[in-house]
Amino acid sequence: MYEERLALLDGAVLWTRTLTTASRPDRLDRPDPPGSLDAPARLDLPDRPVLPDGCMDLIWADGRLLVAGPDTRAYVPGETATRYAGIRFAPGEAPAILGVPAHELRDRRVALGTLWGEAEARRLGERIAEAPDPAAALEALALRTAARAPAPEPLLRAVVARLDAGRPVAETADAVGLGARQLHRRSLEAFGYGPKTLARILRLQRALTLVRAGLPYAEAAVRAGCADQAHLARETRALAGTTLSAYVASA
């Protein structure tokens, strides 16, 4: 069962997932070795890929704390636990909170211990496991950590807002007062990839939201900012690793 709600941390989403024995694939009998740098983290149904969304997640999984970096392609999860809680940070917000540039975690799932130290990550994971509500405890951890981190940059939030509204990258750079190279460098640190990739990912998410709402593919494509339905189909294949019809069937 999967549930989510807006987190108390501005712009973040708190989600939980619980797997039953029947829904756990054989991989659960073969867990990753301790300290694995690429342990599965951001999750969906076992046979449904997780699509790029511009976000990063801090995840508690049966006592372990993991970080899911920003994706540039669909990620197919392999379940290794039965209880999960996660904080999905808004695009560009996690690096300052977690203390690592986003590009270092691009397309990766890593143990939090590699970032904060094994002893500290183990202590925090055990404390969350002992809490009556692990999701609430994880949320509290995120709030405490964010309070000690540098404040979110309004400039980066403006970049996300403009790109999510479908504004061109060059126009966005001018609007926030950055040159093209400066915007690219800042985007790598904040989002894990350049602004053009972020714009593509946000556009795909807009289009798929419209498709889930029942709009015809062609109309959803144009309203989201694609040239036409064929353009959306190519982007879905490239970024989501599936076809539009297969995505609709799974959703």
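Everything below is about the structure shown above.
Residues numbered from 1 in each chain as written. Predicted model: local features only at pLDDT ≥ 70, side-chain atom pairs only at ≥ 80, totals over all residues. Heavy atoms only, no water.

### Some details on the overall build of the protein
Line of reasoning, step 1. Scanning the protein from terminus to terminus reveals 11 helices and 6 strands.
Line of reasoning, step 2. Burial status across the protein gives 47% buried among its 251 residues.
Line of reasoning, step 3. Contacts in the protein between residues far apart in sequence, at least 24 positions, make up 69% of those at least 6 positions apart.
Line of reasoning, step 4. About 12,000 Å² of surface is accessible on the protein, with carbon and sulfur atoms providing 54% of the total. (Helix = DSSP H or I, 4+ residues; strand = E, 2+ residues; numbered from the N terminus. Buried < 20%, exposed > 50% of the residue type's maximum accessible area, 1.4 Å probe, protein only. Contact = heavy atoms within 4.5 Å. Areas by Shrake-Rupley, 256 points an atom, 1.4 Å probe, with all protein chains shown as cover.)

### Things to note about the layout of surface pockets
Line of reasoning, step 1. Put simply, the second largest pocket is a space of about 380 Å³.
Line of reasoning, step 2. Lining the second largest pocket are 24 residues, and of these G92, E93, A96, A151 and P152 sit closest to its centre.
Line of reasoning, step 3. For the lining of the second largest pocket, the per-class residue count stands at 17 nonpolar, 1 polar and 6 charged. (1 Å grid on protein atoms, 1.4 Å probe; cavity = no way out; pocket = protein on both sides within 12 Å on 5 of 7 lines; lining within 4 Å. Points joined across faces, edges and corners; volume = space filled by probe spheres on them. Nonpolar A, V, L, I, M, F, W, Y, C, P; charged D, E, K, R; others polar.)

### Things to note about the side chain of D57
Line of reasoning, step 1. Within the secondary structure, D57 sits in strand β3 (residues 56-61).
Line of reasoning, step 2. Accessibility expressed as a relative area gives 0% for D57, which makes it buried.
Line of reasoning, step 3. Reaching out from D57, the side chain makes a polar contact with the side chain of W15 at a distance of 2.9 Å. (Polar contact = N/O pair within 3.5 Å; in protein donor to acceptor, adjacent residues only side chain to side chain.)

### So, helix α7 (residues 180-191)
Line of reasoning, step 1. With 12 residues, α7 ought to run about 16 Å at 1.5 Å a step, and its terminal C-alpha atoms sit 15 Å apart, in line with that.
Line of reasoning, step 2. Regarding α7, the residues found buried are L183, R186, S187, A190 and F191. Taken end-on, α7 shows its buried residues confined to a sector of 105°, consistent with a single buried face.
Line of reasoning, step 3. The inward-facing, buried residues of α7 abut α1 (94-98), α5 (154-164), α6 (169-176) and α8 (195-212).
Line of reasoning, step 4. Within two residues after α7, G192 carries a phi angle of roughly 100°, on the positive side. (Expected span 1.5 Å × (residues − 1). Arc of directions from axis to C-beta.)

### Details of the environment of L156
Line of reasoning, step 1. Looking at where L156 falls in the secondary structure, it is placed in helix α5.
Line of reasoning, step 2. When sequence neighbours within four positions are dropped, the list of residues in contact with L156 reads R186, A190 and F191.

### Details of the pairing of strand β2 (residues 13-18)
Line of reasoning, step 1. One ladder, built from 5 bridges, connects strand β1 (residues 2-6) with β2; its direction is antiparallel. Within the sheet, the bridge partner assigned to R5 lies in β2 and is L14.
Line of reasoning, step 2. The antiparallel pairing of β1 with β2 creates a hairpin that spans 6 residues between the two strands, and G11 there sits at a positive phi of about 85°.
Line of reasoning, step 3. Taken together, the 6 bridges between β2 and strand β5 (residues 83-89) define a ladder with antiparallel strand orientation. Bridge pairing in β5 links T18 to R83. (Pairing = 2+ DSSP bridges.)

### A few points about the packing of aromatic side chains
Line of reasoning, step 1. Under the defined criterion, the tally for this structure stands at 1 aromatic pair.
Line of reasoning, step 2. Across from the ring centre of Y75, 3.7 Å away, lies the NZ or CZ of R109, which sits over that ring. (Phe/Tyr/Trp six-rings, centres within 6.5 Å; stacked < 30°, edge-to-face > 60°. Lys NZ or Arg CZ within 6 Å of the ring centre and 35° of its normal.)

### Some words on the pattern of salt bridges
Line of reasoning, step 1. Tallied over the full model, the rule gives 16 salt bridges.
Line of reasoning, step 2. One salt bridge connects D10 with R157, and the closest N-O pair in it is separated by 3.3 Å. Of this pair, D10 sits in the loop between β1 and β2 while R157 sits in helix α5; the two residues are 147 residues apart in sequence, bridging distant segments of the chain.
Line of reasoning, step 3. Judged by relative accessible area, which is 53%, D10 ranks as exposed.
Line of reasoning, step 4. Given the relative accessible area of 36%, R157 is considered partly exposed.
Line of reasoning, step 5. Linking R109 and D71 is a salt bridge whose minimum nitrogen-to-oxygen distance equals 2.6 Å. In this pair, R109 is assigned in strand β6 (residues 109-111) and D71 in the loop between β4 (64-68) and β5, connecting sequence segments 38 residues apart. (Salt bridge = Lys/Arg side-chain N within 4 Å of Asp/Glu carboxyl O.)

### Considering the nonpolar core
Line of reasoning, step 1. Grouped together as the largest cluster of nonpolar side chains are 32 residues, with contacts concentrated most on L163, F191, L198 and L232.
Line of reasoning, step 2. For this core, the secondary-structure elements that each account for two or more residues are α5, α6, α7, α8, α9 (217-224), α10 (229-240) and α11 (244-250).
Line of reasoning, step 3. With 9 residues, α8 is the largest single contributor of residues to this core.
Line of reasoning, step 4. Look past the residues within four positions of L232 in its chain and what remains in contact with it is L204, A207, Y217, A221, C226 and L244.
Line of reasoning, step 5. Counting 30 residues, the second-largest nonpolar core is a separate cluster that includes A85, I97, A131 and A135. (Core = buried A, V, L, I, M, F, W, Y, C linked by side-chain atoms within 4.5 Å.)

Function cannot be inferred from these measures alone, as they are strictly geometric.
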